[in-house]
Amino acid sequence: MKKIVKFGGSSLASSEQFKKVGTIIRSDQSRRYVVPSAPGKRFANDTKITDMLYRCYEQAVNGKDFETALSAIAKRYQEIIDGLSLKLSLKKEFDAIRDNFKKKAGRDYAASRGEYLNGIVLAAYLDFSFVDSADVIRFHEDGTFDPVLTNQLLKDRLSAVEYAVVPGFYGATKDGKIVTFSRGGSDVTGSLVALAIEADLYENWTDVSGFLIADPRIVSNPKCIETITYKELRELSYMGASVLHEDAIFPVRKAGIPINIKNTNAPEDPGTLIVEGTCKKPKYTITGIAGTDGFVSINIEKAMMNSEIGFCRKVLQVFEDYNISIEHTPSGIDTMTIFVHKDEFEEHEQQVISGIHKAVNPDHIELEPDLALIAIVGRGMRATRGTAGRIFSALAHAHINVKMIDQGSSELNIIVGVRHDDFENAIKALYDIFVLTQI
């Protein structure tokens, strides 16, 4: 059996956390390939190494003395090395970083050094081979990811080593220029390695015991999801649930490799298993609830709109002209509503309104800001009658007015729109009716 294990920044923030990681890896010989993030926060007011690197690089680019900032970063790594009693020096690596900062090697290069250095330290601690991601994760010259070449490079390199550490978050172009994924991109690296080695399981270790049914900042002690499908995870991630980088599911989904979200600080907890499909009946009707606020609705009214060919296309073209993405477009016979992100819309709101008037000559346009969207997701909803009724009932009992409802054709999710002021109460009400009371 082959497992790829990825550890997040909180799991590798200190020598104490490193020791936990070492115990986890050594307890199972099938954990053969490890993807580390850069050291995260050791305590609430601490600074992540990646953020320290960004600040240090900005000082270098602006011609300021960055030695103090670079020394602080080196000190953090030395504390880990000393805590692990390793005979390891990173002087050569920091000399190279100093030179490349002076040469203005780029923000991606600066950010990637956190994972790079942590990979060297972890490989030394585990006595694993170190494989630089710059050699095996390939990007095109324009900065876009090259999945085909990456998969081949990883296959070729990892077939020659039985145990290896591959730093997360970054890769390089053919000429060696460092390129990073978006923040949290170490999850993606883990997925790519899992695909390349044809892993049986991808374990993603973090500081929570799996994927929670609802946001713990809103719902007190929400229950953990035992099993979730890739489709369900995609829906929840899009609406703000953030345990796993949403792009990380695609490589392993293609190969049918399951992902297990685990807690470094509670390794015995089963965590959440993410799978392509399952016959396992979910414990609750829903799998999870996620939401995000900061939306605005543009309500367009025009008599006989439904008989006007091309009406919707003309309206949507106006938003495309101003590079505004559309979230949802519920409509009626004489009405059409567009939901968009408020921060994208505000900059061009008057131009968009004017453009809609020119395009379709509506009878009336009304804006409603400060809205939130909440997704209720679950494969169990397909076989359960009255799910929408329960949603409306829960929100009505909480005195919350529903501004919009949208259900996908897959019957996997229902999205409701509410006012910003009702956002948290709505999530609490939905969690209560589907999980706590299980009506």
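As shown above, the structure is provided for reference.
How each quantity is defined
- Residues numbered from 1 in each chain as written.
- Predicted model: local features only at pLDDT ≥ 70, side-chain atom pairs only at ≥ 80, totals over all residues.
- Heavy atoms only, no water.
- Helix = DSSP H or I, 4+ residues; strand = E, 2+ residues; numbered from the N terminus.
- Expected span 1.5 Å × (residues − 1).
- Buried < 20%, exposed > 50% of the residue type's maximum accessible area, 1.4 Å probe, protein only.
- Pairing = 2+ DSSP bridges.
- Contact = heavy atoms within 4.5 Å.
- Axes fitted to C-alpha atoms, helices over the stretch in contact; angles between N-to-C directions.
- Parallel < 35°, antiparallel > 145°, perpendicular 65-115°, else oblique.
- Left-handed = near helix turned anticlockwise from the far one by under 90°.
- Nonpolar A, V, L, I, M, F, W, Y, C, P; charged D, E, K, R; others polar.
- Core = buried A, V, L, I, M, F, W, Y, C linked by side-chain atoms within 4.5 Å.
- Right-handed = clockwise from strand over helix to strand, strands pointing away.
- Phe/Tyr/Trp six-rings, centres within 6.5 Å; stacked < 30°, edge-to-face > 60°.
- Lys NZ or Arg CZ within 6 Å of the ring centre and 35° of its normal.

**Regarding helix H5 (residues 107-126)**
Compared with an ideal rise of 1.5 Å per residue, which puts 20 residues at 28 Å, H5 spans 30 Å between its outermost C-alpha atoms and is within 8% of the ideal. Among the 20 residues in H5, 17 count as buried, and that is most of the element. Positioned one or two residues after H5, Asp127 has a phi angle of 60°, which is positive.

**Description of the sheet that holds strand E2 (residues 31-36)**
Sheet architecture is open: 8 strands sit in the order E3-E4-E2-E1-E7-E9-E10-E8, paired in mixed fashion. Of all the strands in the sheet, the pair left with one neighbour each is strand E3 (129-130) and strand E8 (227-229). Relative to strand E4 (residues 164-165), E3 runs parallel, the two sharing 2 bridges. Bridge pairing links Ser129 to Ala164 in E4. Running at roughly 170° to strand E1 (residues 3-7), helix H1 (residues 15-26) makes contact with E1, E2 and strand E7 (201-206) of the sheet. Strand contacts of helix H9 (residues 230-238): E8, strand E9 (259-263) and strand E10 (272-275), with the helix running at about 85° to E8, the strand carrying the most contacts.

**Overview of the sheet that holds strand E16 (residues 413-419)**
Strands belonging to one sheet form pairs held by backbone hydrogen bonds; the direction of such a pair is parallel or antiparallel. Overall, antiparallel pairing links the 6 strands, which are arranged E12-E13-E11-E14-E16-E15 in an open sheet. Strands with a single pairing partner mark the edges of an open sheet, and in this sheet they are strand E12 (326-328) and strand E15 (404-407). Across this sheet, the average inter-strand angle for adjacent strands is 35°, counted without regard to direction. Across 12 bridges, strand E11 (residues 288-301) lies against strand E14 (residues 364-377) in antiparallel orientation. Across the sheet, residue Gly291 finds its bridge partner in E14, namely Ile374. Set on the sheet, helix H13 (residues 349-360) makes contact with E11 and E14; between it and E14 the angle comes to about 110°.

**A few points about the packing of H1 against helix H3 (residues 67-83)**
The geometry of H1 relative to H3 is characterised by a closest axis approach of 8 Å and an angle of 55° between their N-to-C directions. Classed by the angle they form, the pair H1 and H3 counts as oblique. Crossing of H1 over H3 shows right-handed handedness. Facing Ser15, Phe18 and Lys19 of H1, the residues of H3 in contact are Glu79, Ile80 and Gly83. In terms of residue class, the contact of H1 with H3 is made up of 2 nonpolar, 2 polar and 2 charged.

**With respect to the nonpolar core**
If you look at the biggest cluster of nonpolar residues, it comprises 75 residues, and the most contacted ones within it are Leu158, Val193, Ile374 and Leu430. Ranked by the residues each element gives to this core, the list is headed by helix H15 (residues 423-436), at 9 residues. The residues touching Val193, leaving out its near neighbours within four places in the chain, are Ile4, Tyr33, Val35, Leu154, Leu158 and Val166.

**A word on the environment of Leu53**
Looking at the element boundaries, Leu53 is found in helix H2 (residues 49-61). The spatial distance from the C-alpha of Leu53 to the C-alpha of Leu367 is 42 Å, given a sequence separation of 314 residues. Sequence-distant contacts of Leu53, defined by excluding residues within four places in its chain, comprise Ile73, Phe101, Ala110, Ala111, Arg113 and Gly114.

**What about the environment of Tyr230?**
The topology assignment puts Tyr230 in helix H9. Along the sequence, Tyr230 and Glu276 sit 46 residues apart, while their C-alpha atoms lie 5.4 Å from each other. Those residues in contact with Tyr230 that sit more than four places away from it in its chain are Ile249, Val252, Arg253, Gly256, Ile257, Pro258, Ile259, Ile274, Val275 and Glu276.

**Things to note about unusual backbone geometry**
Within the chain, Phe169 stands out as a residue other than glycine whose phi angle is a positive 85°. Tracing the chain through its elements places Phe169 in the loop between E4 and strand E5 (170-172).

**Description of the pairing of E2**
The element E2 is extensively covered by neighbouring structure, given that 6 of its 6 residues are classed as buried. Following the chain from E1 across H1 to the adjacent parallel E2, one finds a crossover that is right-handed. With 2 bridges connecting them, E2 and E4 associate as parallel partners. Across the sheet, the residue bridging to Val34 is Val165, located in E4.

**Topic: the packing of helix H14 (residues 387-397) against H15**
Between H14 and H15, the shortest axis-to-axis distance is 9 Å and the interhelical angle comes to 130°. Judged by the inter-axis angle, H14 sits oblique to H15. In the crossing of H14 with H15, the sense of the turn from one axis to the other is right-handed. Contacts between H14 and H15 involve Thr387, Arg390, Ile391, Ala394 and Leu395 from the former and Ala426, Ala429, Leu430, Ile433 and Phe434 from the latter. Residue composition of the contact of H14 with H15, by class: 8 nonpolar, 1 polar and 1 charged.

**Focus on the pairing of E14**
Direction of pairing for E14 relative to E16: antiparallel, over a ladder of 7 bridges. Looking across to E16, one finds that Ala375 is bridged to Ile415.

**Some details on the packing of aromatic side chains**
Per the counting criterion, the structure on display carries 10 aromatic pairs. Seen from their ring centres, Phe128 and Tyr163 are 5.2 Å apart, and the 45° between their planes marks the pair as tilted. Linking Phe128 in the loop between H5 and E3 with Tyr163 in the loop between helix H7 (147-158) and E4, this pair joins segments that are 35 residues apart in sequence. Seen from their ring centres, Phe139 and Phe145 are 5.7 Å apart, and the 65° between their planes marks the pair as edge-to-face. Residue classification places Phe145 among the partly exposed positions, given a relative accessible area of 25%. Aromatic rings pair up to connect Tyr57, Phe66, Phe101 and Tyr109 into one cluster. One Lys or Arg, Arg26, reaches over the ring of Tyr125 and ends 4.6 Å from the middle of that ring. Against the face of Tyr116 rests Arg113, its NZ or CZ located 4.3 Å from the ring centre.

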